[in-house]
Amino acid sequence: MPELSDVSVSTDAKVLKTTQEDWDAASPELLETMLVQMRAVRAFEEAVLAAAGEGLVHGPAHSSIGQEGAAVGSVLALRPTDGVNGTHRGHHQFLAKGLSYLRPEGMTVVDGIKGDDLVEFIHRTLSEIFGLAAGFSGGRGGSMHLQWLEAGALGTNAIVGGGVPLAAGNAWAQRQDAKVQGSEDMGATVTYFGDGASNIGSTLETFNLAAAWKLPQCFFLENNLYAVSTFIEDVTGEHNLAARGPGFGIRSFQVDGMDPLAVYLAQQKAVQHMRAGNGPTLIEAETYRFFHQNGPFPGSAFGYRTKDEETKWRERDPITRVAREMIRRGLITEEQDRDLEQRIKASIDEVLDRLVEKDPESKRDKRRVIPRLWPDTAGVDDHIRSDAKLHEVVTGPEKPDASAPTRSERFVDAIADTIRYRMEEDPGVVVLGEDVHRLKGGTNGATKGLSDQFPDRVLGTPISENAFTGLAGGLSMTTRYKPIVEFMYSDFMWVAADQVFNQIGKARHMFGGQSAMPVVLRSKVAMGAGYGSQHSMDPAGVFATNPGWRVVAPSTAADYIGLMNTALDLEDPVLVLEHVDLYGQKEDIPDVDPNYRLPLGTAAVRREGKDVTVLSYLNMVGVCLSVADSRDDLDAEVIDLRWLDRASIDWDTIEKSVKKTNSVLIVEQGSQGTSYGGWLADEIQRRLFDYLDQPVQRVTGQEASPSISKVLEAAANADANDVAAGFDEVARGLGLN
């Protein structure tokens, strides 16, 4: 018979329960602050629900009533400089962090939320939830996207599990800061999420990443038992969610989330563990939302919970628990607690009254938001990206002129040299991705020598695209670090699509410009390399239609240096595309340090001509030049776009050329479905229709993604023959054949 024994794990999960002795030992100041903060959160949430019932809140109102103890208890164990981020149900987390930041010495029953700074905090938070200009994000974030970076409130998040990887970035920065400063006492980051998010890939990926890198990140799981209406036992085999932690090497605690003191004590232990450099922790707080997923009705009204269940949980109200213990100890009276509740409610109602007025068009006493408080709609597109000026260098020297000395270098070596130079100049530049620290420079040699020179800042990641991309986003939001993320193949970015598009691309606008997002994604386009449908795409067309991203596509090694440096100077997310056909090419580059820049949003005219404007990028620029030089019938002007995104494309150069040639041919190698040229052709015809003597012509690959078969791959991708056919079509349109 085989022998069976238990698998040993590196850590454990413990249930933490308070005793009467714990309540007796708790300082009066701690309990008083707990009570005031929970009363403030409760009154705030009740006011929001009432306003939603009046139709004053546009969008959802995800109430945290019943869950106040989990947020307040955990935040009180943190420092003002620690970071937190949260979920779509994040009012309590945001309020607890803000109140603790403004009153680090604690809060008193006598004062309640008295104080101009506290009132203004409530005002700005309510304004944000109402979508008003005075909100933290100017009304763009609303209820589900609350951010106040000054207070360490990193941002709540409407995507389930979406904020978990971002918190890892803040935690990595805290760990790195402590290492650089030689401190043995690092900061900590708490990421709040629910039982629903405990089953999503981004959360589990981040468990693993944080444990592998020993990040000071606490995974705070508010288990309120229902993901909307789905009971936890219907979707999870192991109902003790704290048990997940040890499987990743994460020290874990399970507490009664309706017991704020138990939460506080568990968070204290977690923080001590993390600050000592022992890695992440997990706290499962079993709690309960008294209302439905959204709005002022209980879950029983929708049939997925019973009234009896809801009554039993309401009897365990965390506010009542703390008040009862304080009354028992003689710290307050019942009358003082009722007075505190009424004063806080009155204060919040006063703030609410500053936002609304009687609707003059209503025959009843219906209220409306005061019109002058709405944001100015002229600024609807503000904060999508930084205000860096087109055709200018953000900072640093420009590329030397053509008369400067040159040297010959491979394209891929120019990549490594540029990144090395920037890492030497800026200790905030961090490189991460799969295998970037191995194989003498990753799978392509683009990070050659970097891990030896910068072992703390070249991070070989697990195969966890959501986790490490989100970490990069969170890292960049600190403003102290500039991550360069390598995606081995462009298709892999679709694994991380939530972090790429929902988080990184939208963050600056969504949070009203509070968050810069200087993330650089590097990825190769591997068409023609025989890697098939899932390793070959050109993502430019998809990125160009997603707000927030800048896209650069160098066709030469010399340009790569200048474009990468500009990308790293920007406070925006930038996708830097590289084509495998270019990696091995030796080219002349300026014989200087790779520290020069190319101006933002400036294309290059590679060949002047008078009959047709040819627009292309990456390896296809060279193909277009070769075909153009072979034609006697068409004198083509070939423009290397270099910048592809909507905000950075060089319309000045394009318009000047089209007004001269009156014809356009857009050339790209990739498939029709994700084509970049489709967007560009539409925009050209809108802008320059009067100057066109024929429709905009296009060269693309086929509809199919490239296959493994050599002949099918060649048939799927555009090549020189297709470009020549595109020239023929332009010639026919001009009546030349």
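Residues numbered from 1 in each chain as written. Predicted model: local features only at pLDDT ≥ 70, side-chain atom pairs only at ≥ 80, totals over all residues. Heavy atoms only, no water.

A. Molecular detail of the overall build of the chain. Of regular secondary structure, the chain possesses 25 helices and 24 strands. Here the C-alpha atoms of the chain give a radius of gyration of 29 Å, agreeing with the 27 Å that 2.2 N^0.38 yields for 737 residues. Here the C-alpha coordinates of the chain stretch approximately 95 × 80 × 55 Å along the principal axes. Within the chain, the fraction of its 737 residues that count as buried is 60%. Expressed as a percentage of contacts within the chain between residues at least 6 apart in sequence, the contacts between residues at least 24 apart total 79%. Averaging the locations of the 73 positively and 106 negatively charged side chains of the chain gives two centres separated by 2 Å. (Helix = DSSP H or I, 4+ residues; strand = E, 2+ residues; numbered from the N terminus. Rg over C-alpha atoms; globule rule 2.2 N^0.38 Å. Buried < 20%, exposed > 50% of the residue type's maximum accessible area, 1.4 Å probe, protein only. Contact = heavy atoms within 4.5 Å. Lys, Arg positive; Asp, Glu negative; His and termini not counted. Charge placed at Lys NZ, Arg CZ, Asp CG, Glu CD.)

B. Here's a closer look at the sheet that holds strand β22 (residues 636-640). Strand order in this open sheet of 5 strands is β20-β22-β21-β23-β24, and the pairing throughout is mixed. Every interior strand has two partners, whereas the edge strands, β20 (604-607) and β24 (697-699), have only one. Within the sheet, the average angular offset between the axes of one strand and its neighbour, ignoring direction, is 25°. Two strands pair when backbone bridges link them, and β20 and β22 are joined in this way by 3 bridges, in the antiparallel orientation. Considered in β22, the bridge of Ala-604 is made with Asp-640. Packing of helix α23 (residues 676-688) onto the sheet brings it into contact with β21 (612-616), β23 (664-667) and β24, and relative to β23 it is tilted by some 160°. (Pairing = 2+ DSSP bridges. Axes fitted to C-alpha atoms, helices over the stretch in contact; angles between N-to-C directions.)

C. Just the packing of aromatic side chains, in detail. According to the stated counting rule, one finds 25 aromatic pairs in the structure shown. Each ring, one from Phe-207 and one from Phe-219, has its centre 4.7 Å from the other, and the planes form 75°; the classification is edge-to-face. Placement of the pair is Phe-207 in helix α7 (residues 201-212) and Phe-219 in strand β5 (residues 217-223), with a sequence separation of 12 residues. Phe-219 matches Phe-207 in its accessibility class, with the two residues each being buried. Taken together, the ring pairs in this structure connect Phe-94, Tyr-101, Phe-121, Phe-136 and Trp-148 into an aromatic cluster. When the ring centre of Phe-136 is taken as origin, the NZ or CZ atom of Arg-124, which lies over that ring, is 4.0 Å away. The lysine or arginine in question, Arg-316, covers the ring of Trp-313, its NZ or CZ lying 4.5 Å from the ring centre. (Phe/Tyr/Trp six-rings, centres within 6.5 Å; stacked < 30°, edge-to-face > 60°. Lys NZ or Arg CZ within 6 Å of the ring centre and 35° of its normal.)

D. Up close: the sheet that holds strand β15 (residues 482-487). Across the sheet, 6 strands lie side by side as β14-β13-β15-β16-β18-β17; this open sheet has parallel pairing. Lying at the two open borders of the sheet, with one neighbouring strand each, are β14 (458-460) and β17 (550-552). Taking the axes of each pair of neighbouring strands and ignoring which way they run, one obtains an average angle of 20° across the sheet. Where strand β13 (residues 429-433) and β15 come together, 5 bridges link them in parallel fashion.

E. Quick look at unusual backbone geometry. Unlike most non-glycine residues, Leu-225 shows phi in positive territory, near 80°. For Leu-225, the location among the structural elements is in the loop between β5 and β6 (226-227). On the basis of relative accessibility, which here comes to 10%, the residue Leu-225 falls in the buried class. Non-glycine residue Thr-479 carries a positive phi angle of around 70°. You can call Thr-479 exposed: its relative accessible area is 61%.

F. A look at the nonpolar core. Among the nonpolar cores identified, the biggest contains 165 residues, and Met-34, Leu-126, Phe-130, Tyr-676, Leu-680 and Ile-684 are the most heavily contacted of them. Top contributing element to this core by residue count: helix α2 (residues 28-53), with 14 residues. Residues in contact with Leu-126, not counting those within four places in the same chain, are Phe-44, Val-48, Ile-348, Val-351, Leu-352 and Leu-355. In this structure, Val-431, Leu-450, Ala-557 and Met-564 belong to the second largest nonpolar core, which totals 34 residues. (Core = buried A, V, L, I, M, F, W, Y, C linked by side-chain atoms within 4.5 Å.)

G. Spotlight on the UniProt feature "domain: Transketolase-like pyrimidine-binding" (unreviewed entry) in the chain. The sites that UniProt annotates as "domain: Transketolase-like pyrimidine-binding" (unreviewed entry) are residues 409-585. Helix makes up 38% of residues 409-585 and strand 18%. Its end C-alpha atoms lie 8 Å apart. (UniProt positions renumbered as here; feature names shortened; annotations may be inferred.)

H. Region of interest: helix α12 (residues 318-328). Inspection of α12 places Pro-318, Ile-319, Val-322, Ala-323, Glu-325 and Met-326 among the buried residues, and these make up the whole buried set. Buried positions in α12, seen along its axis, are confined to an arc of 160° and lie on one side of it. Contacts made by the buried residues of α12 are with α1 (20-25), α2, α3 (68-75), α10 (260-275) and α13 (334-353). The opening residue of α12, the one whose side-chain oxygen lies 2.9 Å from the backbone nitrogen of Ile-319, is Asp-317. Among the residues trailing α12, Gly-330 stands out with phi positive, at a value near 75°. (Arc of directions from axis to C-beta. Polar contact = N/O pair within 3.5 Å; in protein donor to acceptor, adjacent residues only side chain to side chain.)

I. Quick look at the pairing of strand β4 (residues 189-194). For β4, a buried count of 5 out of 6 residues is recorded, marking the element as mostly surrounded by other parts of the structure. Of the strand pairs in this sheet, β4 and β5 are connected by 6 bridges, and their pairing is parallel. For Gly-194, the partnering residue across the bridge sits in β5 and is Glu-222.

J. Geometry of the side chain of His-88. Along the chain, the position of His-88 falls in the loop between β2 (83-86) and α4 (91-102). The class of His-88 is buried, set by a relative accessible area of 17%. Here Gln-293 takes part through its side chain, which lies 3.4 Å from a polar atom of the side chain of His-88. Apart from the residues lying within four places of it in its own chain, the contact partners of His-88 are His-62, Ser-143, Met-144, Asn-157, Ala-158 and Gln-293.

K. How the structure looks around the pattern of salt bridges. Considering all chains together, one arrives at 50 salt bridges under this definition. Two residues, Arg-407 and Glu-409, come together in a salt bridge whose shortest N-O distance is 3.8 Å. The shortest N-O distance in the salt bridge between Glu-655 and Arg-687 comes to 3.7 Å. With a gap of 32 residues between them, Glu-655 in helix α22 (residues 651-661) and Arg-687 in helix α23 connect regions that are remote in the sequence. When its relative accessible area of 21% is taken as the criterion, Glu-655 is described as partly exposed. If you follow the salt bridges from partner to partner, you end up with Asp-24, Asp-259, Arg-321, Glu-325 and Arg-328 in one network. (Salt bridge = Lys/Arg side-chain N within 4 Å of Asp/Glu carboxyl O.)

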